[in-house]
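Take a look at the letters that make up each chain.
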Amino acid sequence: MTGFLQRALLLPILLTMFMMTAVTGANPVLAAPYDDPLLASYTGPNGIEILSYHPQWTEQAKLKEVWDELMRNTHFEEIRYFKRVKIYQGNYNSMYRGGIQTITWSDGRKKQEFLKDNEIIYFQDPDDKEENGMAVTLAHEYGHHFTIYYLFKREKNDLHGNWQDSRYARLRGLVNNKNVNSDENADHQWQPVEIAASDYVQLFGSPNARKIFYFEDQPDRTGTVRFSTTMYNICPQENTYLPLAAQVPGLYEYWMQLAGQPAGDLNQAPLPPVLTLTGKRYREYTTPYYQFQWSRSLDDKDNPLTYTLLEYDSPDDRLGQPITVAAERYSAERLLYPGEGGIKYYRVLVSDPEGLIVASDMLKVDLDNPDFQEPPPDIMFRDVPAGFWAVGSIRPLVERGILQGYTDNTFKPGRRITRAEFAAVLCKALGIKPADSGNGFTDTASHWAGAYITAVKEAGLLNGYGDNTFGPDRPISRAETAVVLQKALEVAEGTGQTGRAAAETDGAAKFTDVTGHWAEKEILQITGGLIMSGYPDGTFKPDGKLTRAEAAAVLARAVQIH
């Protein structure tokens, strides 16, 4: 009893609150007019207040729109800990005020808890007459609330002193980046809390915060169009060195998991395009224009995508100058003025209707000595980028109708290919007509590939099993593939065991795992003919399953020989 009373009588002697600011105005916060009188207020159905100390924000409808816009941002249980938005006048930085408080007791004990009275202090940009920046500012500042709440609740992290310990920092690639610094006086764009808030805007921000702004083409960069850092497709995030949020695998799922929410049917972001400087052309014989082209991007729904080409004086610049903003357009020109030179930087942003945005790598261009390159090839599938090892095999087979992708614009190159699928593509590749029925085996009569399976059986290329089944939905092994392709070459040559089929066996690679295998002979023959190959560790993995990318590679070689 005494012990209980002693603990109960201890008083908190120190309370510290973790508060953060986010730069969205022109000047640092110095002496904001917090003593201005309250002019109007609105309270939403959930109790969140919109308090105006600004003479231009006194109408109830206008204050309600602020509440509506705030609520358009994705929110879950953390909304219960948010209390109000205060609107002030003055050229100051808007900020989020709240977060985590630490209570220190007289006996040294400490307790941390998330505040229940968090708020956004909003200063309207005096130059933003149309109030375009309000949605972005609200989303960014609420992003602080969202990210701090779930990081503290799930990981006991606040992205300050212990930020390296968070899963977020590891997932975002921040841990080993020497530029990242959580000190409040550090470079704003490299503070983890700011990076996280910017990620929130890109992944969870309202439609207005992720609105795409269109301009007339600006090849001479002399237009009078006003553009700013609050325009989503001009400046989706402050830091141009880090990948955009949608380009970080698993980032959306990470935040949803922290929030205790199912990821659901996530819209897949477009693929980042490849940007190149392709040449120079002259208008009216004397005016030179540099020509840029970029690869067509893809998302998973065949949505119309918007491309924004930006020019920067330095890769450190937060704000790029738009040269073109257009839907489904893959080229632009940039006027070169007489005597103009030096280094410029360019990148293309691609955004989809759902607000996900990605960027190409930054392209460095020496205006005095440009390096012209061939236009980049268009991306055929979202999961087969330009540098993918089998893209040179996949592209021609798709163009010829031998292989095809999926409705979400993927090829799924790592997916195992079944015996039925291989039979179908083999028929298409070798020009074998499907049979009249699928009655070649007991388990293929009603199968979608039954006619193809019967055809390859009649051609002597692919057999079934002793019980007269084919196993159409079983993945085909690399050994089975070697046997089928070897038979196909022999049939094509019409010579049984002559020509390429046998002559190159002596020079075949020797593998550590095929001696005594039932398909050893065919494996050595097919690898000797360079149709298939083994792995760097000296194995062939004959019982391993063939992937769609591997199928494309071996079929492309077989078709070339055939």
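Computed from a predicted model, the values in this text were never measured in an experiment.

Before going further, it helps to spend a moment on the overall build of the protein chain. Secondary structure assignment for the protein chain yields 13 helices and 16 strands. Taking as baseline every contact in the protein chain between residues at least 6 positions apart, the subset at least 24 positions apart corresponds to 68%. Here the protein chain displays about 26100 Å² of accessible surface, and carbon together with sulfur accounts for 50% of that area.

With respect to the secondary-structure elements, alanine 519 resides in the loop between α11 (500-503) and α12 (520-528). Spatially, the C-alpha atom of alanine 519 lies 7.6 Å from that of glutamate 480, the residues being 39 residues apart in sequence. What alanine 519 contacts, discounting residues up to four positions off in sequence, is Ala479 and Val483.

With that settled, consider the nonpolar core. In terms of nonpolar packing, the biggest core is built from 73 residues, with Val85, Tyr168, Trp255, Phe292 and Leu309 touching the most fellow members. The greatest single-element share of this core, amounting to 9 residues, is contributed by helix α3 (residues 133-155). Apart from residues no more than four positions distant in its own chain, phenylalanine 292 is found in contact with Leu275, Thr276, Leu277, Thr278, Leu309, Tyr330, Ser331, Ala332, Arg334, Tyr346, Leu363 and Val365. Counting residues in hydrophobic clusters, the runner-up holds 54 residues, among them Ala390, Leu426, Leu489 and Val554.

It is worth spelling out the packing of helix α8 (residues 419-430) against helix α9 (residues 450-458) at this point. Running from N to C, α8 and α9 point in directions that differ by 70°, and their axes come no closer than 8 Å. As summarised for this structure, α8 and α9 are arranged roughly perpendicular, according to the angle between their axes. You can see that α8 and α9 cross each other, and the crossing is left-handed. Counted together, Ala420, Ala423, Ala424, Leu426, Cys427 and Lys428 of α8 and Tyr452, Ile453, Ala455 and Val456 of α9 form the full contact between these two elements. Here the contact of α8 with α9 is built from residues that sort into 9 nonpolar, no polar and 1 charged.

Backbone hydrogen bonds hold the strands of a sheet together, and the pairing may be parallel or antiparallel. Strands sit in the order β2-β3-β4-β8-β5 across an open sheet of 5 strands; the sheet is mixed. Each edge of the sheet is formed by a strand with only one pairing partner; in this case those strands are β2 (40-43) and β5 (95-97). Neighbour-to-neighbour, the strand axes of this sheet turn through a mean angle of 15°, independent of strand direction. Bridge count between β2 and strand β3 (residues 49-52): 4 bridges; the pairing is antiparallel. Residue pairing in the sheet places tyrosine 42 in a bridge with isoleucine 50 of β3. Taken strand by strand, α3 contacts β4 (82-88), β5 and β8 (118-123), and its axis lies near 155° from that of β8.

Take the pattern of salt bridges next. Under the definition given, this model contains 20 salt bridges. A salt bridge links glutamate 49 to arginine 84; its shortest N-O distance comes to 3.4 Å. Placement of the pair is glutamate 49 in strand β3 and arginine 84 in strand β4, with a sequence separation of 35 residues. Given the relative accessible area of 22%, glutamate 49 is considered partly exposed. Between lysine 86 and glutamate 119 there is a salt bridge, with its nearest N and O atoms 3.7 Å apart. In this pair, lysine 86 sits in strand β4 while glutamate 119 sits in strand β8, placing the two residues 33 residues apart along the sequence. Judged by relative accessible area, which is 14%, lysine 86 ranks as buried. In this structure, a network of salt bridges that share partners links the residues Glu49, Arg84, Lys86, Arg97, Asp117 and Glu119.

Per the stated rule, a full pass over the model turns up 29 aromatic pairs. Residues phenylalanine 76 and phenylalanine 146 carry aromatic rings whose centres are separated by 6.3 Å and whose planes lie at 50° to one another, so their mutual orientation is tilted. With phenylalanine 76 in the loop between α2 (60-72) and β4 and phenylalanine 146 in helix α3, the pair connects residues that are 70 residues apart, well separated along the chain. On the basis of relative accessibility, which here comes to 0%, the residue phenylalanine 146 falls in the buried class. The aromatic ring of tyrosine 406 is capped on one face by lysine 412, whose charged end is 4.5 Å from the ring centroid. A cation sits over an aromatic face here: arginine 419 above phenylalanine 470, 4.2 Å from the ring centre.

This part is about the sheet that holds strand β13 (residues 331-335). The antiparallel open sheet is built from 3 strands, whose spatial order is β9-β10-β13. Each end of this open sheet is capped by a strand with a single partner; those strands are β9 (275-283) and β13. Within the sheet, the average angular offset between the axes of one strand and its neighbour, ignoring direction, is 30°. Of the pairings in the sheet, the one linking β9 to strand β10 (residues 287-294) comprises 8 bridges and is antiparallel in character. Bridge pairing in β10 links leucine 275 to tryptophan 294.

Next up on the list: the pairing of strand β6 (residues 100-105). Most of β6 is tucked away: 5 of the 6 residues are buried. The pairing of β6 with strand β7 (residues 110-114) spans 5 bridges and is antiparallel. Across the sheet, the residue bridging to threonine 102 is glutamine 112, located in β7. The loop that links β6 with its antiparallel partner β7 comprises 4 residues; one of these, glycine 108, has a positive phi angle of about 95°.

Let us now look at the confidence of the model for the protein chain. For the protein chain, per-residue confidence averages 85 on the pLDDT scale, and 88% of positions sit at 70 or higher. pLDDT under 50 marks residues 1-31. Its contacts with residues more than four places away, or in other chains, come to 71 contacts. Counting interchain partners and residues more than four positions distant, the pLDDT-below-50 stretch residues 495-508 has 24 contacts.

So, how was this worked out
- Residues numbered from 1 in each chain as written.
- Predicted model: local features only at pLDDT ≥ 70, side-chain atom pairs only at ≥ 80, totals over all residues.
- Heavy atoms only, no water.
- Helix = DSSP H or I, 4+ residues; strand = E, 2+ residues; numbered from the N terminus.
- Contact = heavy atoms within 4.5 Å.
- Areas by Shrake-Rupley, 256 points an atom, 1.4 Å probe, with all protein chains shown as cover.
- Core = buried A, V, L, I, M, F, W, Y, C linked by side-chain atoms within 4.5 Å.
- Buried < 20%, exposed > 50% of the residue type's maximum accessible area, 1.4 Å probe, protein only.
- Axes fitted to C-alpha atoms, helices over the stretch in contact; angles between N-to-C directions.
- Parallel < 35°, antiparallel > 145°, perpendicular 65-115°, else oblique.
- Left-handed = near helix turned anticlockwise from the far one by under 90°.
- Nonpolar A, V, L, I, M, F, W, Y, C, P; charged D, E, K, R; others polar.
- Pairing = 2+ DSSP bridges.
- Salt bridge = Lys/Arg side-chain N within 4 Å of Asp/Glu carboxyl O.
- Phe/Tyr/Trp six-rings, centres within 6.5 Å; stacked < 30°, edge-to-face > 60°.
- Lys NZ or Arg CZ within 6 Å of the ring centre and 35° of its normal.
- pLDDT = per-residue confidence, 0-100.

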